[in-house]
Amino acid sequence: MSNSGQNKKEANKHPYLSGNFAPVTQTWTPTSVSWTGTLPKELNGGMYVRNGGNPMANSDLGRDAHWFDGDGMLSGVWFARSSNGPNELDIQFVNQFILTDVYLSQVESTAIRTPILPSIASLTNPASSLFWIIWRIMRTIFIVLLSHLPGSGTVIKRISVANTSILYHDGRALATCESGPPMRLTLPELETVGWFDGNAVEGEPETEDKKDEPTLGGTGPLSWMREWSTGHPKVDNTTGEMILFHCSFAPPYVQYSIIPPTEANIADHHSSHDAGRITNAAVPGCTGGKLMHDFGVSKNSTVILDLPLSLSPLNLAKNSPVVAYEPWKPSRFGVFPRKHPEAVRWFETDGCCMFHTANTWDEFDADGNVAAVSLLACRLTSASVVFSAGNITPPPHPNHKDVLSEKPMSFFAKYDEENEKHDPEKIDETSPLISRKDTAPNPFGASSHLPISEDDEEQCRLYYYRFSLDSATENAITHQFALAAIPVEFPTVSPLTAMDSARYIYACSTSNETFGAALGKASKIDILVRFDIKALLEKAQSEPPDAITGCVDNRSLAQIMASNDPNDPIKVFQFPPNHFGQEATFIPRSRRGSATNKNTAFDEDDGYLVFYVFDEQQLDEHGECKEDAKSELWVLDARSMTNIECKIQLPTRIPYGLHGNWFTEEQIARQKGVEKVRALPITAADTWWSRTKRGIHRRLG
């Protein structure tokens, strides 16, 4: 191929299959790695694991790809205790594909060149023809049915890729995704055990089953759909309960489950086994099938987000994509006592999108009853991230306003050849995402002087909502406003204050546009932010912002970064030039005082943030990662937001992904037993049927 042809091919490569978004193919069993700095003792014996999409079958993806697609891959760093002594550590890295039914089927049949599941890009693209969407859906159904025929090898019982998040509940590490139930993994090996049905997991000893309880999804012809579970189940660290919802495009649209710990683990929590197991209870009043990613849970209440982002094949009958954003419709919040979804009360306000909540807590009246429920969430004024993360031009917001401004630009945009010469974002892909000068004190000291259409409606801010329950007849949102004007996403909170009123929220930001616009165009995280929620709400009380459109702190990132106030309610950590991070997870510092006194006072921000980092100086002249490119795991002091305590050097790179979690040494030690783990399929005998199936798969593409 000529150099010009090669350059053209590189220029046309999908942004979410390029650079450090590109998938990795090599997996690592636990391998010792090196580190620099000082290791906090809180890391001893624990493990950080991050989940994310890593498409195994990607050679023919072309335009039909989306950042939210991809087979689940876990990447973990285990701070194992060394045999050399109790205070010595042998830090090990491990990454593994999650061996879902879909992944195993793709490994088994190399003739399948594109993922079995339709891409979100296909379902959101207004340019996708009705025929194409129906074909992609029917192709999935046909491959699933084909897998159930005798002699077909791997049977696809569930279509989830389990690529979203990972959590710990009742002695199990569970990977999650909206398209199926949780999948159990082992720690620290990250081997796949099997699907969790709400009671048991295939691969666990029979004695640990609980067959007397209903399973997620229940029974009946739609049970496979009703076990689709949120990518963000919540685990109450006090009671040990796991709370999750199930959203589908069949009435009642949203169902709700609470899974308490089993008898063996109840003693570790303030819970009783008969107190409130709920399986697939309907949440009345939901308006239809939605792309519902997260929800809020406090100690006593649950908040369901019924937002105007629909996900339903029925949209095709209205000449709309399967995934469609309708911002003229209201956003609805369903608030109910945690164990009584039938008592839901619906609160309505202006249309918006939310993919992640940060914190939910209760307020009580003089009699100890819940008088209000408060929610912090990352509120987007458009759904552009859903479209642009698939390299699709987002539809304009009804209230769209264009303002030409000069600001640093993303180097990724739509790659249609006919638009390349008109696209101001087609700049040198070897340059960093943000135009920087090494001598500039911050990225705002340099500008690419390229015009960009800046939409006033394109916001992604940390918002505060307060749902009053005082009136028995009126559902009023007494407070709804942004806490700050800067764009933030991927929020996290200390596990010690989850489901309570947390003073500090940590989140990711970008010095390039908003998350709705920039992250969707393959922009990357180069800022971590700490919000003092107490201070910001106190300011809001003395200087009330306007409802819905108001903002407590209107400063820009540049102004915040220039602040020398040690008590500034917003603190920022900026990555070095060319370095980009991923979602951070908070690890509390050990409490001062008696180790047996769990009520010992603590400073909520006293702890560490752990996150993966990639230096994009490892990209080649085409913006692709060199073969020897590697990532690091950084540990940041969460109180100072300046001091990097240590850096763990990894043997490979970690693609920019989704959500991670920290697992303590005690959790790893208390895992339930495993009798059998999943393994890659053995090459089947060359039979008439195997040849026929390969031929069918080859024709299906």
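On a predicted model such as this, the values are computed, not experimentally measured, just so you know.

Enquirer: I'd like to hear about the overall build of the chain, residue by residue, with values.
Expert: The helix and strand inventory of the chain stands at 12 helices and 36 strands. Looking at the chain alone, contacts between residues at least 24 apart form 68% of all its contacts between residues at least 6 apart. Carbon and sulfur atoms form 52% of the exposed surface of the chain, whose accessible area is close to 28700 Å².

Enquirer: So, the pattern of salt bridges: which residues are in play, and what are the values?
Expert: A complete count under the given rule lists 27 salt bridges for this structure. Connected via shared salt-bridge partners are D170, R172, R184, E204 and K672.

Enquirer: Let's hear about helix α2 (residues 101-108): which residues, and what values?
Expert: Extensive coverage of α2 is indicated by the burial of six of its eight residues. For α2, the set of buried residues is D101, V102, Y103, L104, S105 and Q106. Elements in contact with the buried residues of α2: β5 (89-97) and β9 (192-195).

Enquirer: Describe the nonpolar core, naming the residues involved and giving the relevant values.
Expert: With 43 residues, the main nonpolar core has L376, L462, L483, I486 and F531 as its most contacted residues. Leaving out residues up to four positions away in the same chain, L483 has contacts with L376, L462, Y464, I533, L536, L537, C551, V552 and D553. Residues F490, I525, V613 and C625 belong to the second largest nonpolar core, which totals 28 residues.

Enquirer: Outline helix α4 (residues 130-147), supporting the account with residue identities and numerical values.
Expert: Helical geometry note: an α-helix holds 3.6 residues per turn, so side chains three or four residues apart project in the same direction. For α4, built from 18 residues, the straight-helix expectation of 26 Å at 1.5 Å per residue is met to within 8% by its first-to-last C-alpha distance of 26 Å. For α4, the set of buried residues is I133, R136, R139, T140, I143, V144, L146 and S147. Here the buried residues of α4 occupy an arc of 170° about the axis, which is enough to place them on one side. Among the exposed residues of α4, those pointing more than 90 degrees away from its buried face are F131 and L145.

Enquirer: Can you tell me about empty space enclosed by the protein, naming the residues and giving the values?
Expert: Applying the stated criterion across every chain yields a total of 10 cavities of 30 Å³ or more. Its volume calculated, the largest cavity comes out at about 170 Å³. Around the largest cavity sit 20 residues that line it, and G53, P55, H66, W67 and D69 are the ones nearest its centre. The class makeup of the residues in the lining of the largest cavity is 13 nonpolar, six polar and one charged.

Enquirer: Please provide a residue-by-residue account of a nonpolar patch on the surface, values included.
Expert: There is a patch of nonpolar side chains on the surface, built from L130, I134, M138, I141 and L145 and spanning about 450 Å² of accessible area. For I134, the position within the fold is in helix α4. By relative accessible area, I134 is classed as partly exposed at 39%.

Enquirer: Now, about the state of the cysteines: what can you tell me, with residues and values included?
Expert: Applying the stated criterion to the full structure yields zero disulfides. The cysteine C352 is free of any disulfide, with C353 supplying the nearest cysteine sulfur at 6.8 Å. Of all cysteine sulfurs in the structure, the one in C378 sits closest to C508, which takes part in no disulfide; the separation is 9.3 Å.

Enquirer: Tell me about the sheet that holds strand β14 (residues 296-297), and name the residues and values.
Expert: Sheet strands pair via backbone hydrogen bonds, and the direction of the pair is either parallel or antiparallel. With antiparallel pairing, the four strands of this open sheet are ordered in space as β14-β15-β18-β19. Two strands lie at the open edges of the sheet, namely β14 and β19 (345-349), each paired on one side alone. As paired elements, β14 and strand β15 (residues 301-306) share two bridges and run antiparallel to each other. Residue pairing across strands places G296 opposite V303, the latter belonging to β15.

Enquirer: Account for the UniProt feature "binding site: Fe cation" (unreviewed entry) in the chain, naming residues and giving values.
Expert: Residues annotated by UniProt as "binding site: Fe cation" (unreviewed entry) correspond here to H232, H293, H356 and H659. These annotated residues cover 428 residues of sequence, and their C-alpha atoms lie no more than 12.6 Å from one another, placing them together at a single site. Here H293 shows up in the loop between β13 (278-282) and β14. For H293, a relative accessible area of 12% corresponds to the buried category.

Enquirer: Kindly report on the confidence of the model for the chain, identifying the contributing residues and their values.
Expert: Considering every residue of the chain, the mean pLDDT works out to 83; 82% of them sit at 70 or more. Ignoring residues within four places in sequence, the model shows residues 1-11, a span with pLDDT below 50, making nine contacts including any to other chains. Residue range residues 516-520 is modelled with pLDDT below 50. Its contacts to residues more than four positions away, or to other chains, number 22 contacts.

Enquirer: Residues and numbers for the side chain of S105, please.
Expert: Its location among the elements puts S105 in helix α2. Among all residues touching S105, those that are not within four sequence positions of it are I112, I116, T154 and I156.

Enquirer: Give me the lowdown on the packing of aromatic side chains, citing residues and values where you can.
Expert: All told, the structure shown has 27 aromatic pairs when counted by the stated rule. For the pair F245 and F295, a centre-to-centre distance of 4.9 Å together with 80° between the ring planes defines the contact as edge-to-face. Placement of F245 in strand β11 (residues 242-247) and of F295 in the loop between β13 and β14 is noted, with a sequence separation of 50 residues between them. Since its relative accessible area comes to 0%, F295 is described here as buried. Where Y465 meets F467, the ring centres are 6.1 Å apart and the plane angle is 5°; that geometry is what we call stacked. Across this residue pair, the class does not change: Y465 and F467 are buried. Three or more aromatic residues joined by ring pairs make a cluster, and in this case those are Y16, F21, W67, F68, F614 and Y656.

Enquirer: Would you mind going over unusual backbone geometry in detail, with residue names and values included?
Expert: Residue L187 is joined to P188 through a cis peptide bond whose omega torsion reads 5°. The omega torsion across P251 and P252 is 5°, close enough to zero to call that bond cis. Secondary-structure assignment places P252 in the loop between β11 and β12 (254-259). One non-glycine residue, D170, lies in positive phi territory at about 55°. Within the secondary structure layout, D170 lies in the loop between β6 (165-169) and β7 (172-176). For D170, a relative accessible area of 8% translates into the label buried. Its identity is not glycine, yet Y253 carries a phi of approximately 75°, on the positive side. Mapped onto the elements, Y253 comes out in the loop between β11 and β12. By relative accessible area, Y253 is classed as partly exposed at 22%.

Enquirer: So what's going on with the environment of V201? Residues and values would help.
Expert: With respect to the helices and strands, the residue V201 is situated in the loop between β9 and α5 (223-226). Once the C-alpha coordinates of V201 and V674 are considered, the two residues, 473 residues apart in sequence, prove to be 9.2 Å apart. If we skip the residues at most four places from it in the chain, V201 touches R172, R184, V193, G194, W195 and F196.

Conventions adopted
- Residues numbered from 1 in each chain as written.
- Predicted model: local features only at pLDDT ≥ 70, side-chain atom pairs only at ≥ 80, totals over all residues.
- Heavy atoms only, no water.
- Helix = DSSP H or I, 4+ residues; strand = E, 2+ residues; numbered from the N terminus.
- Contact = heavy atoms within 4.5 Å.
- Areas by Shrake-Rupley, 256 points an atom, 1.4 Å probe, with all protein chains shown as cover.
- Salt bridge = Lys/Arg side-chain N within 4 Å of Asp/Glu carboxyl O.
- Buried < 20%, exposed > 50% of the residue type's maximum accessible area, 1.4 Å probe, protein only.
- Core = buried A, V, L, I, M, F, W, Y, C linked by side-chain atoms within 4.5 Å.
- Expected span 1.5 Å × (residues − 1).
- Arc of directions from axis to C-beta.
- 1 Å grid on protein atoms, 1.4 Å probe; cavity = no way out; pocket = protein on both sides within 12 Å on 5 of 7 lines; lining within 4 Å.
- Points joined across faces, edges and corners; volume = space filled by probe spheres on them.
- Nonpolar A, V, L, I, M, F, W, Y, C, P; charged D, E, K, R; others polar.
- Patch = residues over 30% accessible without salt bridge, like charges linked within 9 Å, V, L, I, M, F, W, Y side chains within 5 Å.
- Disulfide = S-S within 2.5 Å.
- Pairing = 2+ DSSP bridges.
- UniProt positions renumbered as here; feature names shortened; annotations may be inferred.
- pLDDT = per-residue confidence, 0-100.
- Phe/Tyr/Trp six-rings, centres within 6.5 Å; stacked < 30°, edge-to-face > 60°.

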